[in-house]
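Coordinate inspection notes
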2 protein chains.
Amino acid sequence: MTDAKGSSRRSERSRQAILAATRALISEVGYTKVSIEAIAARAGVGKQTIYRWWPSKGAVIFDSFLALSTTEEGPQVELPDTGDIEADLKVVMRATAAEFADPEFERPIRALEVEIVNDPELAAQFREKLARPVDEAKKARLRSAQRAGQLDPGADLDLVLEVLYAPLFQRWLHRSGPLTAEYADSLVDVTLRAFRAPSS
Amino acid sequence: MTDAKGSSRRSERSRQAILAATRALISEVGYTKVSIEAIAARAGVGKQTIYRWWPSKGAVIFDSFLALSTTEEGPQVELPDTGDIEADLKVVMRATAAEFADPEFERPIRALEVEIVNDPELAAQFREKLARPVDEAKKARLRSAQRAGQLDPGADLDLVLEVLYAPLFQRWLHRSGPLTAEYADSLVDVTLRAFRAPSS
């Protein structure tokens, strides 16, 4: 039993090493130039180890991004809920802005973004597996704010999320302005003004 | 004099043919696979005609996009100003949504977008030559609305433009929702709610 556990722990370590190597290589050489050989060499595993878990290069690349928002306990996408939607969204948006301002973090995501823009099928897979669960977690927090009278109960929550995130996304993608905490705060302020409850 | 005029008119026709051929080829084969040879063949001119006006493939591609918003009279980027900011923005945003929903129109822009995301220098050139003049025209219209008391005079107009356009940009880029007239209208409504004049 100890052996099986040790072996499973070694497997998980290999898996994590492969996913980390994949993200590092995408940052360094770009998505199209990443090869299974290079991933295996960087992770210190054999090619067969990779093929045991993933059918293709696209699959391992995709999982390497999925792993960024997933822990051993499952996806980590719950938003803080202190009862104060403004404070909670500012925490989340400041963290998001800081991540996208960090070259180490943003480089592989930029590479993935280019693939998504070019490839409608990858875009659909991305939406289904990554964006949608995260959006659902965000909407759960917005619904709680609607119930608390801090957000228009009739608001289209997909539109709320677009107004909140798309400006930051576009600014990051086009490098058209700084991604600061002040900017993050201003997006929260704008969104809450646009979608505040009618009577407030 | 008639000869010089005729020759200049023929030159302008060749120039326009080259720019149109460039956009068509980008749509068909993608930015990276477009060659000066292919552009020349499609436009019915010699390669030397292209090199007479443009130093590189990048330069002709860039001008082919610039030409989309430029007429013989100069850049055409003035926004309607009937005195009603809501009506005027809805005209503009509906037209924008319709353009990006049109595969013929959006395909070359998507190809350019990928280059911009990958290439900070091209992104800077794009901002300077194309995005900035257009944004300035939009801001002129917003300033007129501020003077008319239809928009918060303290609003950050860069932020207003981001809130108005970035959701549509992101939805187009990720193909994450329909680009309808209703959607265009809702972005105008949201933006005006977020940035309305304090007393109104």
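Here the structure is a predicted model, which is why all the values come from computation and not from measurement. (Residues numbered from 1 in each chain as written. Chains lettered and ligands numbered in written order. Predicted model: local features only at pLDDT ≥ 70, side-chain atom pairs only at ≥ 80, totals over all residues. Heavy atoms only, no water.)

1. Focus on the nonpolar core
Heads up, the rule is: Only buried Ala, Val, Leu, Ile, Met, Phe, Trp, Tyr and Cys residues count toward a nonpolar core, and they belong to the same one when joined by side-chain atoms within 4.5 Å. Burial here depends on accessible area, computed with a 1.4 Å probe over protein chains only, as a share of the maximum for the residue type. Under 20% is buried, over 50% is exposed, and the range in between is partly exposed. By definition, residues are in contact when any of their heavy atoms lie within 4.5 Å.
By size, the foremost hydrophobic cluster in this structure holds 122 residues, and its most contacted members are Phe195 of chain A together with Phe195 of chain B. The residues contacting Phe195 of chain A, other than those within four sequence positions of it, are Leu151, Asp152, Ala155, Leu159, Val160 and Val163 of chain A together with Val190 and Arg193 of chain B.

2. A word on the UniProt feature "DNA-binding region" (unreviewed entry) in chain A
Filter applied, for reference: UniProt positions are given in the numbering used here, feature names are shortened, and annotations may be inferred rather than shown by experiment. Only runs of H or I of at least four residues qualify as helices and only runs of E of at least two qualify as strands under DSSP, and these elements are numbered from the N terminus.
Taking the UniProt record as the reference, the feature "DNA-binding region" (unreviewed entry) is found at residues 35-54 of chain A. Within the segment residues 35-54 of chain A, helix and strand shares are 75% and 0% respectively, and the terminal C-alpha atoms sit 13 Å apart.

3. Section: the domain arrangement of chain A
Residues and elements named next belong to chain A. Defined as follows: In this entry, domain limits derive from an automatic or database-based domain assignment. Buried area is calculated as the accessible area (1.4 Å probe) missing from two parts once they are joined, with the contributions of both summed. For salt bridges, the criterion is a side-chain nitrogen of Lys or Arg within 4 Å of an Asp or Glu carboxyl oxygen. Pairs of N or O atoms within 3.5 Å make up the polar contacts considered here, provided that, within protein, one atom can donate a hydrogen while the other can accept it, and that residues adjacent in sequence are counted only when both atoms are side-chain atoms. For this classification, the nonpolar set comprises Ala, Val, Leu, Ile, Met, Phe, Trp, Tyr, Cys and Pro, the charged set comprises Asp, Glu, Lys and Arg, and every other residue, Gly included, is treated as polar.
Segmentation of chain A into domains returns domain 1 (2-57) and domain 2 (77-194). Relative placement of domain 1 and domain 2: their C-alpha centres are 30 Å apart. Facing the 5 residues of domain 1 at the interface are 5 residues of domain 2. In total, domain 1 and domain 2 occlude about 460 Å² of area from one another, counting both sides; carbon and sulfur atoms represent 70% of this. Its largest share of buried area at the contact with domain 2, domain 1 owes to Ile26, Ser27 and Tyr31, together 86% of the area lost on that side. Counting across the domain 1 and domain 2 interface gives 0 salt bridges. Our count for the contact surface shared by domain 1 and domain 2 stands at 0 residue pairs in polar contact (both at pLDDT 80 or more). For the side of domain 1 that touches domain 2, the class distribution of residues is 2 nonpolar, 2 polar and 1 charged.

4. Let's talk about the relation of the copies chain B and chain A
Let me state the cut-off plainly: Least squares is used to superpose the copies, and the fit set is the C-alpha atoms of residues whose pLDDT is at least 70 in both copies.
When chain B is fitted onto chain A, the two copies agree to an RMSD of 0.1 Å after a turn of 179° and an axial shift of 0.0 Å. The symmetry that links the two subunits is that of a two-fold axis. Every residue of chain B has its C-alpha some distance from the rotation axis, and the shortest such distance is that of Ala194 of chain B, at 2.1 Å. Of all interface residues in chain B, 100% are interface residues in chain A too; the two copies therefore contact each other through one and the same surface.

5. Notes on the pattern of salt bridges
Residue and element names in this part refer to chain A. Scanning the entire structure with this criterion turns up 28 salt bridges over all chains. Among the ionic pairs, Arg15 bridges to Glu12, the shortest N-O distance being 3.6 Å. Of the two residues, Arg15 and Glu12 are both situated in helix α1 (residues 2-29); the distance of 3 residues between them amounts to about one turn of the helix. On the basis of relative accessibility, which here comes to 26%, the residue Arg15 falls in the partly exposed class. Among the salt bridges present, the one from Arg141 reaches Asp81, with a minimum N-O distance of 3.2 Å.

6. Regarding the packing of helix α4 (residues 57-66) of chain A against helix α7 (residues 120-147) of chain A
Residues and elements named next belong to chain A. As a reminder of what qualifies: Orientation is described by axes fitted as lines to C-alpha atoms, over the contacting stretch for helices, and by angles from 0 to 180 degrees between their N-to-C directions. Left-handed is the label given to a crossing in which the near helix is rotated counterclockwise from the far helix by less than a right angle, and right-handed is the label when the rotation is clockwise.
It is the contact of α4 with α7, at a shortest axis distance of 11 Å, that shows an interaxial angle of 35°. In the packing of α4 onto α7, the handedness of the crossing is right-handed. Residues Phe62, Phe65 and Leu66 of α4 touch α7, and the partners they reach there are Leu122, Gln125, Phe126, Lys129 and Leu130. Of the residues that constitute the contact of α4 with α7, the class distribution is 6 nonpolar, 1 polar and 1 charged.

7. A few points about the side chain of Glu162 of chain B
Tracing the chain through its elements places Glu162 of chain B in helix α8 (residues 157-174). Among all residues touching Glu162 of chain B, those that are not within four sequence positions of it are Pro167, Gln170, Arg171 and Tyr183 of chain A together with Pro167 of chain B.

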